[in-house]
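Descriptive structure summary
What follows is each chain in one-letter form.
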Amino acid sequence: MSFYQKEGVRPSEMDKTEFYKLLIRRYKEKTATDEEIEVFFQLIREGKLEASLMAEMGIDLDEAESGVPRVRSRRPYYIAAAAMVLIASGMAFLLMNRPSAPLPESNLALTPDDVPAGGNHATLTLPDGSRIALDEMGIGALVEEAGVRIDKTEDGQLVYQVAPSASAETSHGSEPVLHEISTPRGGQYQVVLPDGSRVWLNAGSRIRFPPVFASRNREVFLEGEGFFAVEHDDRPFIVHTDGQQIGVLGTEFNVRAHPDEPMVQTTLVRGSVRVDLKNGQSSYVLKPNQQSVVNRQAQTARIESVVATEYAAWKDGYFTFRDTPLATVMQDVARWYDVAVDAGALPDKRLYAVLPRDVSLATLLEMIELTSGVQFTLKERRVSLER
């Protein structure tokens, strides 16, 4: 039941300002339903929450735009979007209880070393070792062989189309022939697999799969982070990562399996998946809004209840952090902007945040500064704490 049903009113019967206030309140209190979170994201995308977020912080929007030093007026929209960054662990919401003195002005606004946001960058590696830089290729067919056609579409997707006569290939009589798509740090890409399933690859990730799936199953191998929207098929769809494998028929889920992180996260948005540990001794079936967290070395796992859409928000252009350690936040920032971060010096703070991924690095760091109390410097693609 959504909050406006609990309140006994419908959105059409409410003043929009009150509706926005209720939505923000429930989001801040972490009691919003999936439906309400989707509405929240959409309103931010449309710019409709800006005034309400500013009012929530006790900031006059006209004053903010005219240059009051507490809010950097050059980016009022993005600062409003960042206003929902909360400091967890019982600490105060800095902007709602900000000091009477102006906040320190960030040096980031004037840095000549700003870094643009990441974009659609990926490389296709064929079985013979040849590599195709996808962002340098034109629209249309890139490869046509053995009944398989690989196209780059106008919206930047890589699409595999398989003729009915095509058959799965093997090398040395048993091992499948695999294609690989990899994204660099600062890159992402969307792929339509040979069965019509869709995969969104996040930065610093790679996926390997056969150009024609076998008759008995559909197997892919993931390193890094990917969101899967799997087409229903009688053949099981299996995602292999280090430490586990995931089996599905048709569903939507996110997998985070970076080699430099000890845990593998599988988060289910829709349908059902089974997570099998590589030791063969444990298996878990997830329901929507559940997440398995597997320690790949110890081969142990736990199941948590989560808001699954938050873990997939990156493919829609948002960083979403819920009670996330600042060190983890900066790890994601480093991958997306392809920069180095002096992580060892970061304070032990946790963030609850919705932040846009399409802004420059200096802009994003300013958003984090506004609420974390941490000041950053950015020089030669390295982020450090200001001392």
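Conventions used here
Residues numbered from 1 in each chain as written. Predicted model: local features only at pLDDT ≥ 70, side-chain atom pairs only at ≥ 80, totals over all residues. Heavy atoms only, no water. Phe/Tyr/Trp six-rings, centres within 6.5 Å; stacked < 30°, edge-to-face > 60°. Buried < 20%, exposed > 50% of the residue type's maximum accessible area, 1.4 Å probe, protein only. Helix = DSSP H or I, 4+ residues; strand = E, 2+ residues; numbered from the N terminus. Lys NZ or Arg CZ within 6 Å of the ring centre and 35° of its normal. Core = buried A, V, L, I, M, F, W, Y, C linked by side-chain atoms within 4.5 Å. Contact = heavy atoms within 4.5 Å. 1 Å grid on protein atoms, 1.4 Å probe; cavity = no way out; pocket = protein on both sides within 12 Å on 5 of 7 lines; lining within 4 Å. Points joined across faces, edges and corners; volume = space filled by probe spheres on them. Nonpolar A, V, L, I, M, F, W, Y, C, P; charged D, E, K, R; others polar. Pairing = 2+ DSSP bridges.

With that settled, the discussion passes to the packing of aromatic side chains. Using the criterion set out here, one finds 7 aromatic pairs in the structure. Taking the centre distance of 6.0 Å and the plane angle of 65° together, the rings of F19 and Y20 count as edge-to-face. Given the relative accessible area of 11%, F19 is considered buried. Here the aromatic rings of Y160 and F209 are separated by 5.1 Å at their centres, their planes lie at 75°, and the arrangement is edge-to-face. Placement of the pair is Y160 in strand β7 (residues 157-162) and F209 in strand β13 (residues 205-209), with a sequence separation of 49 residues. Taken individually, Y160 and F209 each receive the classification buried, so the pair is uniform in this respect. These aromatic residues form a ring-pair network of at least three members: F213, F228, F237 and F253. Directly above the aromatic system of W200 lies the positively charged group of K315, at a separation of 4.7 Å from the ring centroid.

So, about the nonpolar core. One finds I181, F228 and F253 to be the most contacted residues of the largest nonpolar core, which totals 40 residues. With near-sequence residues (within four places) excluded, I181 lies in contact with A122, T123, L124, L158, Y160, V191, L201, S205, R206, I207 and F209. Listed in part, the 27 residues of the second largest apolar core include A334, A353, V374 and F376.

This part is about the layout of surface pockets. In this structure, the largest pocket occupies an estimated 780 Å³ of space. Lining the largest pocket are 35 residues, and of these R256, Q265, Y311, T324 and T328 sit closest to its centre. Only β17 (252-257), β18 (263-270), β21 (290-295), β22 (300-305), α7 (308-312), β23 (318-325) and α8 (326-337) provide two or more residues apiece to the lining of the largest pocket. At 8 residues, β23 tops the list of elements feeding residues into the lining of the largest pocket. By residue class, the composition of the lining of the largest pocket is 13 nonpolar, 10 polar and 12 charged.

Looking now at the sheet that holds strand β27 (residues 382-385). Taken in spatial order, the 3 strands make up an open sheet running β24-β27-β26, and their pairing is mixed. Strands with a single pairing partner mark the edges of an open sheet, and in this sheet they are β24 (340-341) and β26 (376-379). The pairing of β24 with β27 spans 2 bridges and is parallel. Across the sheet, residue A340 finds its bridge partner in β27, namely R382.

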